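Each chain, letter by letter, is given below.
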Amino acid sequence: GGLELMDRLADVLTGLFMLGVAYYGYVFVNSAFTTGLRAQAFNVPVWPFQLAIPLGFLSAAVRYFIYAVWPALRPLPPEFQE
């Protein structure tokens, strides 16, 4: 019905938002990579640790796109889990 359509639209919009944030996370990590930024205390590059930022948002985007395509995979809200 209409509610399912709204849920799917919300999932697509949320997925697109997460993709946008993942892109800016990539820009952030890429700048640390290209400048050779290193952690002061251990003298190691920081970009491998920062990579969790865009990868986490990309993972969330994929999850929301999956919910938009297959809404049955969405977990039940807490009030319906009992």
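Residues numbered from 1 in each chain as written. Predicted model: local features only at pLDDT ≥ 70, side-chain atom pairs only at ≥ 80, totals over all residues. Heavy atoms only, no water.

Asks: Is there a simple way to think about the environment of Gly-20 in this case?
Replies: Residue placement: Gly-20 occurs in helix H1 (residues 2–35). By relative accessible area, which is 28% here, Gly-20 ends up partly exposed. The sequence separation of Gly-20 and Ala-61 amounts to 41 residues, and the corresponding C-alpha distance is 9.3 Å. (Helix = DSSP H or I, 4+ residues; strand = E, 2+ residues; numbered from the N terminus. Buried < 20%, exposed > 50% of the residue type's maximum accessible area, 1.4 Å probe, protein only.)

Asks: Mind showing me how you'd approach unusual backbone geometry here?
Replies: Where the residue is not glycine, phi is negative for most of them; where a peptide bond is considered, it is trans in most cases. You will see that Asn-43, though not glycine, has its phi angle at about 55°, which is positive. Residue placement: Asn-43 occurs in the loop between H1 and helix H2 (47–50).

Asks: How should I be thinking about the packing of aromatic side chains in this particular structure?
Replies: With the rule as written, the count across this model stands at three aromatic pairs. Look at Phe-33 and Trp-47: their rings are 5.1 Å apart centre to centre, the planes differ by 85°, and that puts the pair in the edge-to-face class. A residue pair is termed long-range when its members are at least 10 positions apart, and Phe-33 in helix H1 and Trp-47 in helix H2 qualify at 14 residues. Relative accessible area serves as the criterion here: at 48%, Phe-33 is assigned to the partly exposed category. Using a relative accessible area of 29% as the deciding quantity, one classes Trp-47 as partly exposed. (Phe/Tyr/Trp six-rings, centres within 6.5 Å; stacked < 30°, edge-to-face > 60°.)

Asks: Can you walk me through the pattern of salt bridges in this structure?
Replies: Pairing between side chains of opposite charge can happen when the charged atoms of each approach one another. What the rule picks out here adds up to two salt bridges. Between Arg-74 and Asp-11 there is a salt bridge, with its nearest N and O atoms 2.3 Å apart. In this pair, Arg-74 is assigned in the segment after helix H3 (52–69) and Asp-11 in helix H1, connecting sequence segments 63 residues apart. For Arg-74, a relative accessible area of 32% gives the class partly exposed. (Salt bridge = Lys/Arg side-chain N within 4 Å of Asp/Glu carboxyl O.)

Asks: What should I look at first to understand H1 in this one?
Replies: At 3.6 residues per turn, the α-helix brings residues three or four places apart onto the same side. With 34 residues, H1 extends 50 Å from end C-alpha to end C-alpha; this agrees with the ideal 50 Å at 1.5 Å per step. Those residues of H1 not exposed but buried are Asp-11, Gly-15, Met-18, Ala-22, Gly-25, Val-29 and Ala-32. Elements in contact with the buried residues of H1: H2 and H3. Of the residues one or two after H1, Gly-36 is the one with positive phi, at around 75°. (Expected span 1.5 Å × (residues − 1). Contact = heavy atoms within 4.5 Å.)

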